[in-house]
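Read off the chains here:
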Amino acid sequence: MPTNRKVKRIRWMAALTLILLFMSLLTPFFLRLLPPTLPGAMPMFETLSTKWKGAIDLIFLLLVCLFNACFFVFFVRLFRGLGRGKIFVPGNARWLYAGACVPIVTLIYRLVYMCFVNGCSGLAMAVLWSQSWHNLTMFSAITLMALLYDVATDVSEENQLTV
């Protein structure tokens, strides 16, 4: 992808990150809009066996470990590149893109657990509301960081070719 298109994507991601950060800072004001007591909601599947609850937890744990391993690979490659005198390692940004899915997986897990397993109370809805803004902001910030790293890698390669 040409660098000009990447720069345009960086601008949009930076704007989205700032908007989400602003929204996450306004969470206490949004929580006042929620009714103080929501009726106790029942889970969609009241007879969900403990075997399925354990399977949901295991799937979540495996996904989070997988995506955190992507962050680990990114930093290992980064430090190995630093040993060779290169900060921007080609192909390293894709590991950040993959790792950016951790907040989204966490948000989906909370939604599944609230809707299908436990049901949602007023306090759970308030926590979900604030956590969703936080998770979306983290996803956007990590993606923005990956875009910046990708553009910096391209610029670094062009500078090495011109020298």
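In what follows, the structure referred to is the one given above.
> Summarise the overall build of the chain; cite the residues concerned and give the values.
When you go through the chain residue by residue, the secondary structure sums to six helices and zero strands. Along the chain direction, N to C, the helices and strands of the chain fall in the order α-α-α-α-α-α. Counting only residues that meet the buried cut, the chain has 31% of its 163 residues in that class. When the accessible surface of the chain is split by element, carbon and sulfur atoms take 73% of a total near 10,600 Å².

> Give a description of the side chain of Gln 131 that names residues and reports values.
Locating Gln 131 in the fold gives a position in helix α6 (residues 122–162). Look past the residues within four positions of Gln 131 in its chain and what remains in contact with it is Thr 106 and Arg 110.

> Help me get a handle on the nonpolar core, residues and values and all.
Counting residues in each nonpolar core, the largest one holds 17 residues, and the members touching the most others are Phe 60, Phe 71, Phe 74, Leu 96, Val 105 and Tyr 149. Sorting the residues of this core by element identifies α3 (50–83), α4 (93–99), α5 (102–118) and α6 as the ones contributing at least two each. Take this core: its biggest share by element is six residues, from α3. Apart from the residues lying within four places of it in its own chain, the contact partners of Leu 96 are Phe 71, Phe 74, Ile 142, Met 145 and Ala 146.

> Go over the environment of Val 73 with me, naming the residues and quoting the values.
Residue placement: Val 73 occurs in helix α3. Judged by its relative accessible area of 27%, Val 73 falls in the partly exposed class. When the C-alpha positions of Val 73 and Trp 95 are compared, they lie 6.9 Å apart, and in sequence the two are 22 residues distant. If we skip the residues at most four places from it in the chain, Val 73 touches Asn 92 and Trp 95.

> An account of a positive patch on the surface is needed here, citing residue identities and associated values.
Side chains of Arg 5, Lys 8, Arg 9 and Arg 11 sit close together on the surface and give a patch of like positive charge. With respect to the helices, strands and loops of the structure, Arg 11 is situated in helix α1 (residues 3–25). Arg 11 gets classed as exposed once you look at its relative accessible area, which sits at 60%.

The rules we used
The residue numbers shown here count from 1 along each chain, following its written sequence. Since the coordinates come from a predicted model, pLDDT governs what is reported: local features require at least 70, and pairs of side-chain atoms require 80 or more to be given and counted, while whole-chain, interface and lining totals use all residues. Based on all heavy atoms of the structure, the side-chain values leave hydrogens and waters out of the count. Under the scheme used here, helices are H or I runs from DSSP no shorter than 4 residues and strands are E runs no shorter than 2 residues, and both carry numbers assigned from the N terminus. Burial classes follow relative accessibility: with a 1.4 Å probe on protein chains only, a residue under 20% of its type's maximum area counts as buried, one over 50% as exposed, and anything between as partly exposed. Note that accessible areas follow from Shrake-Rupley with a 1.4 Å probe, and for residues the cover is restricted to the protein chains shown. Should any heavy atoms of two residues lie within 4.5 Å, those residues are counted as being in contact. Here, the term nonpolar core denotes a set of buried Ala, Val, Leu, Ile, Met, Phe, Trp, Tyr and Cys residues that are joined through side-chain atoms within 4.5 Å. Nonpolar side chains (Val, Leu, Ile, Met, Phe, Trp, Tyr) are joined into patches within 5 Å and like charges within 9 Å, using only residues with over 30% relative accessible area and no salt bridge. Just to be clear on terms, a salt bridge is a Lys or Arg side-chain nitrogen sitting within 4 Å of an Asp or Glu carboxyl oxygen. In this tally, Lys and Arg are treated as positive and Asp and Glu as negative; His is ignored, and so are the chain termini. Each charge is placed at NZ for Lys, CZ for Arg, CG for Asp and CD for Glu.

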